[in-house]
Amino acid sequence: MRLNAQLWIGAALTAVFLAGAVLSFVWTPHDVTALNIADKLRPASSTYLLGTDHFGRDLLSMLMVGARTSIAVALVAVGIGLGLGVPLGLLAAATRGSLIDEVVMRGNDLIFAFPSLVIAILITAVFGPSALNAILAIGIFNIPVFARVSRGGALSLWTLDWILAARVAGKGRLRISLEHILPNIVNLLIVQGTIQFSLGILAEAALSYVGLGAQPPLPSWGRMLAEAQTMIYTNPALAILPGLAIVAMVLGLNLMGDGLRDLLDPRVRRARA
Amino acid sequence: MKHLTLAAAMLALTAGMAQAQQDTITLGMVLEPPNLDPTGGAAAAIDEVVYANIFEGLTRFGPDGAVLPALAESWEVSEDGTVYTFHLHDGVKFHDGTDMTAEDVVFTLDRARAEDSTNAQKALFTGITGVAAVDPLTVQITLAEPNGNLPFNMAWGDAVIVAPESIDTAATAPVGTGPFTFTEWVQGDHVTITRNDAYWGAAPALASATFKFISDPNAAFAAMMAGDVDAFPNFPAPETLSQFESDPRFKVIVGSTEGETILAMNNKLAPLDDIRVREAIAHAINRQDIVDGAMFGFGTPIGTHFAPHNPDYVDLTALSAYDPEKSKALMAEVGEIPALRLMLPPPSYARRGGEIIAAQLREVGIETEITNLEWAQWLEQVFGGKDFDLTIISHTEPADINIYARPDYYFQYDNAEFQALIAELGVTSDPARRSELNKQAQEMIAQDYVNAYLFQLAKTGVANAKIEGLWENAPTQANDLTGVRWTE
C-alpha cells in the first residue's frame with residue numbers, strides 16, 4: 001500500500017493531543033487549579049515550559065487539561081450522534097418511503113434548519129453553562145448528520161442483489177440492517193465521525209469562548225483565548241498557544257478523516273490504484 | 001500594517017482639523033442601569049448616567065467629595081440644630097418647562113421618606129419630621145434631632161429633586177433640572193443626553209453625550225482602541241492600562257473610589273449563618289493576591305466596610321489576615337459543608353476575583369461552584385431574591401456602612417446592637433462622637449465577619465488624551481459631565 005501522508009500526519013497530530021490529554025489524568029507539570037499570583041505572566045522558562053497566564057497558572061498544564069476537556073466534549077457529542085443518529089438512519093432506510101422514514105428525515109431537516117451554534121447557546125443559556133450542557137448542545141446536532149449519512153449509505157445497499165438474496169432467504173429488515181447494512185457503512189461513519197469530532201472541538205471552543213462551555217476552574221482552550229484577548233499585545237503567547245492548539249487539533253482530525261476516507265472508501269482506493 | 005495605521009491616523013487627523021471643535025463625547029460603562037430614576041433604584045449605574053447631568057439635588061458632591069451648593073444656593077441651621085432652611089436658586093426650570101419651586105422639594109422629600117417609598121437609601125431621610133415650603137424659593141426641613149450630616153445626605157443621587165408632573169415616567173424618561181436633558185435610551189446599548197440650553201447655571205461645553213454599555217472587558221478594550229468610545233471612567237481591563245499609558249492617544253486616570261469590594265455572604269442561609277464558617281472564609285483569602293491578580297495591582301486591601309481615605313477608617317485587615325491554617329482548624333471544627341454557590345456579576349473584579357477566591361477557598365477545603373450572572377440576573381437573583389451563598393460586588397456609595405443595619409439587605413446581617421449604633425449615628429452631630437461611632441461600627445462588622453472585605457476599588461479610567469475635566473476620584477457614583485470638554 002502506498003504511504004498515505006495525510007493519514008499519517010493527521011494521526012500523528014491527533015496522537016500528540018490525545019497523549020497530552022491522557023497524560024494529564026495522571027500528571028501535569030503544575031497543578032492547573034492552583035493559582036500563583038506571584039508568578040503571573042512569566043515567559044517560557046525551565047520551570048514553566050510555555051510560561052504562565054495572568055493568574056500564574058502553568059500554560060502547558062492548562063493546554064493539556066484543556067485538550068482533555070475538548071476531546072471529552074467532542075467524543076461524547078459524536079457518541080450521541082452515532083448512538084441515536086445511526087439507528088434512526090438505518091430505520092429510515094429500512095422503511096424507505098413509509099411514514100417513519102418521512103418523520104425521521106423531516107425531523108432531521110427541522111434540526112438542520114436552525115443554526116447550530118445559536119441553538120447551542122440557547123440550550124446552555126436555558127440550562128446553565130456547563131461542560132455537560134455543551135456536550136448535549138453539540139451532540140444534538142450530530143444526530144441528523146449521522147442519520148443522513150447512514151440512511152444514504154444504507155439506501156444504496158438495499159438495492160443490491162445480495163441484500164435481495166438475504167431477504168429471499170427470509171431475514172427480517174432488522175437483521176439485514178444490523179448484519180449486512182451496518183458493517184458496510186462503517187467506513188462512512190468512521191470518516192464522518194472524525195470530521196464531526198473536529199467540528200465538536202471547534203464548537204466546544206466557541207461555546208467556552210463566549211463563556212457557555214466548561215466553567216472555571218476547569219481549563220478550556222476557548223476560555224483561555226477569551227481571557228487572553230485583552231493581553232494580546234502585551235502577552236501574545238497567551239492567545240497564540242491555545243489558538244494554535246485548536247488549529248492543530250482540528251487540522252489533524254481533518255487530515256486523518258481525509259486519509260481514512262482514502263483508505264476505507266473502495267471507490268477512492270480503486271481510483272488511486 | 002504599521003504604515004497603514006499611520007496613514008489612517010494622519011488622514012483622521014487632517015479630517016479632524018477641518019472640522020469644528022468636537023463637542024460630543026461617548027463614555028463607556030460596564031453596567032447598564034436597570035432604570036433611570038435615582039430615587040427609585042439602588043444600582044450605581046443609574047447615578048453614573050444621571051447624577052449632576054440630568055438630576056440635581058439641594059446640594060451636590062464636588063470632584064473631591066466636598067458638599068457644594070446646587071439647587072440650594074445657601075442654607076442655614078437654627079440655633080438648636082433641628083431646623084434647616086434652604087434658599088433655592090431663582091429661575092430654575094425642569095426640562096419640561098415647569099418651574100422648580102419649594103413645592104417640588106417638599107414633594108421629593110415626602111415621597112422619599114414615605115412608608116411605601118422605593119428609595120434605595122431611605123436612611124438618608126430618617127430623622128426628617130417635616131418639610132415645608134415657606135415661599136416658592138425657601139424650604140424648611142425639620143429634624144427630630146440635630147443632624148449635621150443633612151447637607152451631605154441631600155447631596156446623594158438618591159436625594160435629587162424630582163417633579164410630581166414627571167415622576168411617573170422617571171424610570172424611562174427622566175426629567176430633571178440639570179445641564180443635560182434626556183434624549184434616548186436604546187436598551188442594551190446606550191443612553192444619549194443633550195445639552196439643556198435653558199439651564200440655570202453655567203452651560204456645559206459638550207453639546208451631547210452618549211453612555212455606551214459594554215460589559216465585556218475585551219469589547220471595552222477594542223472599543224477604546226478603535227475610538228468608538230472616547231472615555232471609559234471605570235475601565236474593566238486593568239491589565240491593559242500599561243498599554244494605554246504608553247500610547248500618546250490616551251491618558252490613564254487612576255484615582256480612588258468609595259467602592260468597598262466585598263465577598264458578600266448570605267448571613268441567614270446555612271452554612272454561612274455560622275460565624276465560624278464566615279471567619280474561616282475570611283482567613284482563607286489573600287487580599288494582595290486578589291488585588292494583584294484581578295486588578296493588576298490597582299486597589300487597597302481593606303479589613304472592614306469603610307473607605308481607607310476616610311479619616312475615620314480603622315485598619316482591621318489584621319483581624320482577618322491571610323491564615324489558611326486557622327481556616328482549616330475552624331473548618332475542622334465545623335465539619336463538612338456543601339459546595340457554596342459563588343455568583344459573579346459581570347465586572348472583571350468579580351469574575352477574576354471569583355476565580356482567585358475559589359482557588360483560595362479550595363486550598364482550605366471549602367468547595368465553591370461558580371456561576372457567572374448577567375447584571376440584570378444578578379440584581380434579580382442575588383440582590384433582590386437573596387438566593388446565593390457568596391458573591392463579589394463593589395459598594396460604591398459614599399459612607400454606606402449603614403447598609404449593615406438593614407436586616408433585609410441582601411447579605412442579611414441582623415444585629416440589634418449594630419442597628420442601635422447606626423441609629424445613634426443618624427442623630428449625632430458631634431464630630432468626635434460620630435467618628436467614635438463610625439469606628440465602633442467598623443469594628444463590629446469586622447468582628448462578626450459579616451462579609452469578607454477585599455479591597456477598595458481603584459478608579460482606573462482611560463480617556464482620549466484630548467478630553468479634560470473628567471473626575472479623577474469618585475467620591476460618589478457619577479460621571480459629572482458639566483466640566484468635561486475637548487481641548488482642541
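With an unreviewed UniProt entry as reference, chain B is termed ABC transporter substrate-binding protein, source organism Sinisalibacter aestuarii. Turning to chain B, the UniProt record has this under Sequence similarities (unreviewed entry): "Belongs to the bacterial solute-binding protein 5 family." Chain B has a UniProt comment under Subcellular location (unreviewed entry) that states "Periplasm".

You'll find chain A entered in an unreviewed UniProt entry as Peptide ABC transporter permease, with Sinisalibacter aestuarii given as the organism. The Subcellular location (unreviewed entry) comment attached to chain A in UniProt states, word for word, "Cell membrane". As its UniProt record puts it under Sequence similarities (unreviewed entry), chain A is described as follows: "Belongs to the binding-protein-dependent transport system permease family."

**Concerning the overall build of chain A**
Across its full length, chain A holds 10 helices and 0 strands. N-terminal to C-terminal, the α/β element order of chain A is α-α-α-α-α-α-α-α-α-α. Burial statistics for chain A: of 273 residues in total, 48% are counted as buried. For chain A, the share of sequence-separated contacts (at least 6 apart) that also reach a separation of at least 24 residues comes to 69%. Counting every atom, chain A has about 12900 Å² of accessible surface; 71% of that belongs to carbon and sulfur. The centroid of the 19 positive side-chain charges in chain A is displaced by 8 Å from the centroid of its 14 negative side-chain charges.

**Let's talk about helix α3 (residues 99–113) of chain A**
Residues and elements named next belong to chain A. In a regular helix each residue adds 1.5 Å, so 15 residues correspond to 21 Å; α3 covers 21 Å between its end C-alpha atoms and thus fits that length. Listed in full, the buried residues belonging to α3 are D101, V104, M105 and N108. Here the buried residues of α3 occupy an arc of 85° about the axis, which is enough to place them on one side. Structural note: α3 exposes L99, V103, L110 and A113 on the side pointing more than 90 degrees away from its buried face.

**Details of the layout of surface pockets**
All names here are of chain B. For the second largest pocket, the calculated volume is near 1100 Å³. Around the second largest pocket sit 44 residues that line it, and N149, F152, N153, A399 and R434 are the ones nearest its centre. Of all the secondary-structure elements, those providing two or more residues to the lining of the second largest pocket are α3 (102–113), α4 (150–153), β12 (250–265), α12 (416–427) and α13 (431–447). Counting residues per element, the lining of the second largest pocket draws most heavily on α12, at 5 residues. For the lining of the second largest pocket, the class distribution of residues is 20 nonpolar, 17 polar and 7 charged.

**So, the pattern of salt bridges**
Inspection of every chain in the model, using the stated rule, returns 29 salt bridges over all chains. Residues E279(B) and K326(B) are paired through a salt bridge, measuring 3.8 Å at the closest nitrogen-oxygen approach. Of this pair, E279(B) sits in helix α7 (residues 275–284) while K326(B) sits in helix α9 (residues 324–334); the two residues are 47 residues apart in sequence, bridging distant segments of the chain. The class of K326(B) is partly exposed, set by a relative accessible area of 36%. Between R433(B) and E436(B) there is a salt bridge whose closest N-O contact spans 2.9 Å. You can see R433(B) and its partner E436(B) sitting in helix α13, 3 residues apart, about one turn around the helix. Residue class for R433(B) comes out partly exposed when judged on its relative accessible area of 25%. Here E436(B) falls in the partly exposed class, since its relative accessible area comes to 40%. Here the salt bridges do not stand alone but share partners, grouping D53(A), R57(A), R223(A), E227(A) and E355(B) into one network.

**Here's the deal with the sheet that holds strand β4 (residues 72–77) of chain B**
Residue and element names in this part refer to chain B. Read from one edge of the open sheet, 4 strands run β4-β5-β7-β6, paired in antiparallel fashion. Sheet topology places β4 and β6 (128–135) at the edges, where each strand pairs with a single neighbour. This sheet shows a mean twist of 20° between the axes of neighbouring strands, independent of strand direction. Sheet topology places β4 next to strand β5 (residues 83–88); 5 bridges connect them, and they run antiparallel. Following the sheet pairing, S74 is matched in β5 by H87. Sitting on the sheet, α3 is in contact with β5, β6 and β7 (138–143), with an inclination near 170° to β6.

**A closer look at the packing of α12(B) against α13(B)**
All names here are of chain B. Contact geometry of α12 with α13 gives a least axis separation of 10 Å together with a crossing angle of 160°. One element, α12, and the other, α13, form an angle in the roughly antiparallel class. At the point where α12 passes α13, the crossing takes the left-handed sense. Facing E417, F418, L421, I422, E424 and L425 of α12, the residues of α13 in contact are R433, R434, L437, N438, Q440, A441, M444 and I445.

**Some details on the packing of aromatic side chains**
Using the criterion set out here, one finds 24 aromatic pairs over all chains in the structure. Aromatic side chains W375(B) and W378(B) sit 5.3 Å apart centroid to centroid with 5° between the ring planes, which places their arrangement in the stacked category. Of this pair, W375(B) and W378(B) both sit in helix α11 (residues 375–384), separated by 3 residues, roughly a single helical turn. Here W375(B) and W378(B) have matching classes, each one buried. Aromatic pair W378(B) and Y410(B): ring centres 6.0 Å apart, planes at 70°, arrangement edge-to-face. Of this pair, W378(B) sits in helix α11 while Y410(B) sits in the loop between β16 (390–395) and α12; the two residues are 32 residues apart in sequence, bridging distant segments of the chain. The residues W378(B) and Y410(B) share a single accessibility class, namely buried. One aromatic cluster in this structure is built from W375(B), W378(B), F383(B), F388(B), Y404(B), Y409(B), Y410(B), F411(B), Y413(B) and F418(B). Looking at K40(A), its charged tip hangs above the ring of F296(B), at a distance of 4.1 Å from the centre. Directly above the aromatic system of F25(A) lies the positively charged group of R68(A), at a separation of 4.4 Å from the ring centroid.

**Focus: the pairing of strand β9 (residues 190–195) of chain B**
All names here are of chain B. Two elements, strand β8 (residues 180–186) and β9, share 6 bridges in a ladder whose sense is antiparallel. Across the sheet, F182 pairs through a bridge with I193, a residue of β9. Two successive antiparallel strands, β8 and β9, enclose a turn made up of 3 residues, where G188 displays a positive phi of approximately 85°. In the sheet, β9 pairs with strand β10 (residues 208–213) via 5 bridges, with the strands oriented antiparallel. The partner of I193 across the bridge, within β10, is A209.

**What about the interface of chain B and chain A?**
Contacts between chain B and chain A engage 19 residues on the former and 18 residues on the latter. Both faces considered, chain B and chain A share a buried interface measuring about 1700 Å² in area, 58% of it formed by carbon and sulfur atoms. The largest contributions to the chain B side of the interface with chain A come from N218(B), E355(B) and R362(B), which together make up 31% of the buried area. Here chain B is connected to chain A by 1 salt bridge. When the shortest N-O distance is used, the salt bridge between E355(B) and R57(A) registers 3.3 Å. Of all the secondary-structure elements, those providing two or more residues to the side of chain B that touches chain A are α5 (217–226), α6 (241–245), α8 (287–295), α10 (348–363) and β15 (368–372) of chain B. Among the elements that make up the side of chain B that touches chain A, the one with the highest residue count is α10(B) (5 residues).

**Thoughts on unusual backbone geometry**
For the peptide bond that leads from P216(A) to P217(A), omega is 10°, which places it in the cis range. As for its position among the elements, P217(A) is in the loop between α7 (173–209) and α8 (221–228). Here the residue pair A270(B) and P271(B) is connected by a cis peptide bond, since its omega of 0° sits within 30 degrees of zero. Checked against the element boundaries, P271(B) lands in the loop between β12 and α7. The backbone of A52(B) shows a phi angle near 70°, a positive value even though the residue is not glycine. Judged by relative accessible area, which is 6%, A52(B) ranks as buried. Positive phi, close to 40°, is recorded for A399(B), a residue that is not glycine.

Each value, and the rule that gives it
- Residues numbered from 1 in each chain as written.
- Chains lettered and ligands numbered in written order.
- Predicted model: local features only at pLDDT ≥ 70, side-chain atom pairs only at ≥ 80, totals over all residues.
- Heavy atoms only, no water.
- UniProt positions renumbered as here; feature names shortened; annotations may be inferred.
- Helix = DSSP H or I, 4+ residues; strand = E, 2+ residues; numbered from the N terminus.
- Buried < 20%, exposed > 50% of the residue type's maximum accessible area, 1.4 Å probe, protein only.
- Contact = heavy atoms within 4.5 Å.
- Areas by Shrake-Rupley, 256 points an atom, 1.4 Å probe, with all protein chains shown as cover.
- Lys, Arg positive; Asp, Glu negative; His and termini not counted.
- Charge placed at Lys NZ, Arg CZ, Asp CG, Glu CD.
- Expected span 1.5 Å × (residues − 1).
- Arc of directions from axis to C-beta.
- 1 Å grid on protein atoms, 1.4 Å probe; cavity = no way out; pocket = protein on both sides within 12 Å on 5 of 7 lines; lining within 4 Å.
- Points joined across faces, edges and corners; volume = space filled by probe spheres on them.
- Nonpolar A, V, L, I, M, F, W, Y, C, P; charged D, E, K, R; others polar.
- Salt bridge = Lys/Arg side-chain N within 4 Å of Asp/Glu carboxyl O.
- Pairing = 2+ DSSP bridges.
- Axes fitted to C-alpha atoms, helices over the stretch in contact; angles between N-to-C directions.
- Parallel < 35°, antiparallel > 145°, perpendicular 65-115°, else oblique.
- Left-handed = near helix turned anticlockwise from the far one by under 90°.
- Phe/Tyr/Trp six-rings, centres within 6.5 Å; stacked < 30°, edge-to-face > 60°.
- Lys NZ or Arg CZ within 6 Å of the ring centre and 35° of its normal.
- Buried area = accessible area lost by both parts, 1.4 Å probe.

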